[in-house]
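Chains, contacts and geometry: an overview
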Amino acid sequence: MTKSSGADGMRNLTPALVAVLLIVATSTAQAQTMRGSRESMNQQNQHAVTHGYTFVQTSSQVAELVNNGELVRVDPSRTMVLHNVSYPYARPPVRTLIQRLSAQYFNACGEKLTVTSLTRPIARQPANASDDSVHPAGMAVDLRIPSNGRCRAWLESTLMSLEASYVLDVTRERRPPHYHVAVFPETYTNYLATMTGQSREYTVRRGDTLTAVAARMNTSVAQLRAANGLRSDLIHIGQRLTVPGDTGSSSSGIASASSAPVVREVTHKVQRGETLWRIASRYETSVDVLRSQNDLAGDLLRIGQTLRVVLDGS
């Protein structure tokens, strides 16, 4: 997580400096919004649908997903409390995010992070729940809002930073007060693997090509072939590919002198609720570049529209 080094030393700062950091953190959070929107709910739901997640209807269906490994148990720890959580299960990357976030929160604030909800069957959703809620898909977690202002500022700043990296979508709900955090499991897995240099797994979906998968996972076709023993570029739906970690840097963090820039191209199909700015942020490019690559006169997009994205990386 990007905040860990700063969070670990926060307790050693002078009161004056802490006050300054809180102002900066609050300003950063306010630069975005935690109010939520119909667009963000649609986007969360579309992610679950696109990746074939099951929206559990009943308690027995939760048990089925736990048995086949789609959902895993989230246990309380020395850095995390589960308060009145009826179904303490989530998708594996969601559990990983909660565990890492709670550890850093504890280091920053000296108190445990409180989880108030995880997976919820549709039959157990509250009356005011949205029809697009992703709690039944196991990709959402509700967090208690800290009463301590310093801890609240740290948590909001960290969540907003992760939202800016497109790994989650956070909303500060009022009734009852809590943070609703919808995690995008695949994006978070890639984000974490990039940070740690670890290999990860990708399941081939309809329409995927080896070139497109390499671009999406920030690797190369040659590396994918080598990691999976592939003799050609042919892949099939449902195939699990091992994606190698980042090998473009030495242990000192300096890029290898022999590495050269590689231009990669990927196609993106516009989903409901997406904007040109959101897509540009996802692929770490700019709106102007996307307009130029696709001969767009403005920012208007339509659902199902295919965009060409050219990525220049190493």
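Please read these numbers as outputs of a predicted model, since none were measured by experiment.

Observations concerning the side chain of His-135
- By secondary structure assignment, the location of His-135 is in the loop between strand 4 (113-117) and strand 5 (140-143).
- Polar contacts involving the side chain of His-135 include one to the side chain of His-180, which spans 3.4 Å.
- Leaving out residues up to four positions away in the same chain, His-135 has contacts with Ser-117, Leu-118, Thr-119, Arg-120, Gln-125, Ala-140, Val-141, Asp-142 and His-180.

Describing the nonpolar core
- Within the largest apolar cluster, 41 residues are counted, with the highest numbers of intra-cluster contacts made by Leu-143, Leu-159, Tyr-179 and Val-181.
- At the level of secondary structure, the elements contributing two or more residues to this core comprise helix 5 (92-109), strand 4, strand 5, helix 6 (149-164), strand 6 (168-174), strand 7 (177-183) and helix 7 (185-196).
- In terms of residues, this core owes the most to one element, helix 5, which gives seven residues.
- Counting 13 residues, the second-largest nonpolar core is a separate cluster that includes Ala-215, Leu-276, Leu-301 and Val-309.

A short note on the sheet that holds strand 2 (residues 80-82)
- Strand order in the open sheet formed by five strands is 2-4-5-7-6, and the pairing between neighbours is mixed. Looking at strand neighbours, the two that pair on one side only are strand 2 and strand 6, the edges of this open sheet. Looking at each pair of strands side by side, their axes are set apart by 30° on average, direction ignored.
- Pairing analysis gives three bridges linking strand 2 to strand 4, with the strands arranged parallel. Along strand 4, the bridge assignment pairs Met-80 with Leu-113.
- In this fold helix 5 packs onto strand 2, strand 4, strand 5, strand 6 and strand 7, with an angle of close to 145° to the strand it touches most, strand 4.
- Strands in contact with helix 6 are strand 4, strand 5, strand 6 and strand 7; relative to strand 6, the strand with the most contacts, it is inclined by about 140°.

Looking at the packing of aromatic side chains
- Enumeration according to the criterion identifies two aromatic pairs in this entry.
- Relative to Phe-184, the ring of Tyr-166 has its centre 5.5 Å away and its plane inclined at 25°; by these criteria the two rings are stacked. Placement of the pair is Tyr-166 in the loop between helix 6 and strand 6 and Phe-184 in the loop between strand 7 and helix 7, with a sequence separation of 18 residues. Assigned by exposure class, Tyr-166 and Phe-184 land together as buried.
- Sitting over the ring of Tyr-53, Arg-91 keeps its end group 3.9 Å from the ring centre.

Some words on the environment of Pro-76
- By the element assignment, Pro-76 lies in the loop between strand 1 (72-73) and strand 2.
- Look at Pro-76 and you get exposed, because its relative accessible area is 55%.
- Placed 38 residues apart in sequence, Pro-76 and Thr-114 show a C-alpha to C-alpha distance of 9.3 Å.

Brief notes about the pattern of salt bridges
- Applying the stated criterion to the full structure yields eight salt bridges.
- A salt bridge links Arg-172 to Glu-156, with the nearest nitrogen and oxygen atoms 2.8 Å apart. Placement of Arg-172 in strand 6 and of Glu-156 in helix 6 is noted, with a sequence separation of 16 residues between them.
- For Arg-172, a relative accessible area of 25% puts it in the partly exposed group.
- Between Asp-299 and Arg-291 there is a salt bridge, with the nearest N and O atoms lying 2.6 Å from each other.
- Owing to a relative accessible area of 45%, Asp-299 belongs among the partly exposed residues under this scheme.
- Given the relative accessible area of 23%, Arg-291 is considered partly exposed.

What about the packing of helix 5 against helix 6?
- Axis separation between helix 5 and helix 6 bottoms out at 10 Å; the angle between their running directions is 145°. Considering the relative orientation of helix 5 and helix 6, their crossing is right-handed. Residue-level inspection shows Leu-101, Gln-104, Tyr-105, Ala-108 and Cys-109 of helix 5 in contact with helix 6, the latter providing Arg-150, Cys-151, Trp-154, Leu-155, Thr-158 and Leu-159.
- A per-class count over the contact of helix 5 with helix 6 returns eight nonpolar, two polar and one charged.

Thoughts on the confidence of the model for the chain
- Of the residues in the chain, 80% have a pLDDT of 70 or more, and the chain-wide mean is 79.
- Predicted confidence is poor over residues 1-31, with pLDDT under 50, and the contacts of this stretch with residues over four places away or in other chains come to 40 contacts.
- Considering only residues more than four positions removed or in separate chains, one finds that residues 247-263, a stretch of pLDDT under 50, has 16 contacts.

Re unusual backbone geometry
- Arg-175 connects to Pro-176 through a cis peptide bond whose omega is -10°.
- Residue position: Pro-176 is located in the loop between strand 6 and strand 7.
- Residue Asn-84 is not a glycine yet carries a positive backbone phi of 55°.
- Its location among the elements puts Asn-84 in the loop between strand 2 and strand 3 (89-90).
- A positive phi is found at Tyr-166, a non-glycine position, where the angle reads about 65°.

Rules used throughout
Residues numbered from 1 in each chain as written. Predicted model: local features only at pLDDT ≥ 70, side-chain atom pairs only at ≥ 80, totals over all residues. Heavy atoms only, no water. Helix = DSSP H or I, 4+ residues; strand = E, 2+ residues; numbered from the N terminus. Polar contact = N/O pair within 3.5 Å; in protein donor to acceptor, adjacent residues only side chain to side chain. Contact = heavy atoms within 4.5 Å. Core = buried A, V, L, I, M, F, W, Y, C linked by side-chain atoms within 4.5 Å. Buried < 20%, exposed > 50% of the residue type's maximum accessible area, 1.4 Å probe, protein only. Pairing = 2+ DSSP bridges. Axes fitted to C-alpha atoms, helices over the stretch in contact; angles between N-to-C directions. Phe/Tyr/Trp six-rings, centres within 6.5 Å; stacked < 30°, edge-to-face > 60°. Lys NZ or Arg CZ within 6 Å of the ring centre and 35° of its normal. Salt bridge = Lys/Arg side-chain N within 4 Å of Asp/Glu carboxyl O. Left-handed = near helix turned anticlockwise from the far one by under 90°. Nonpolar A, V, L, I, M, F, W, Y, C, P; charged D, E, K, R; others polar. pLDDT = per-residue confidence, 0-100.

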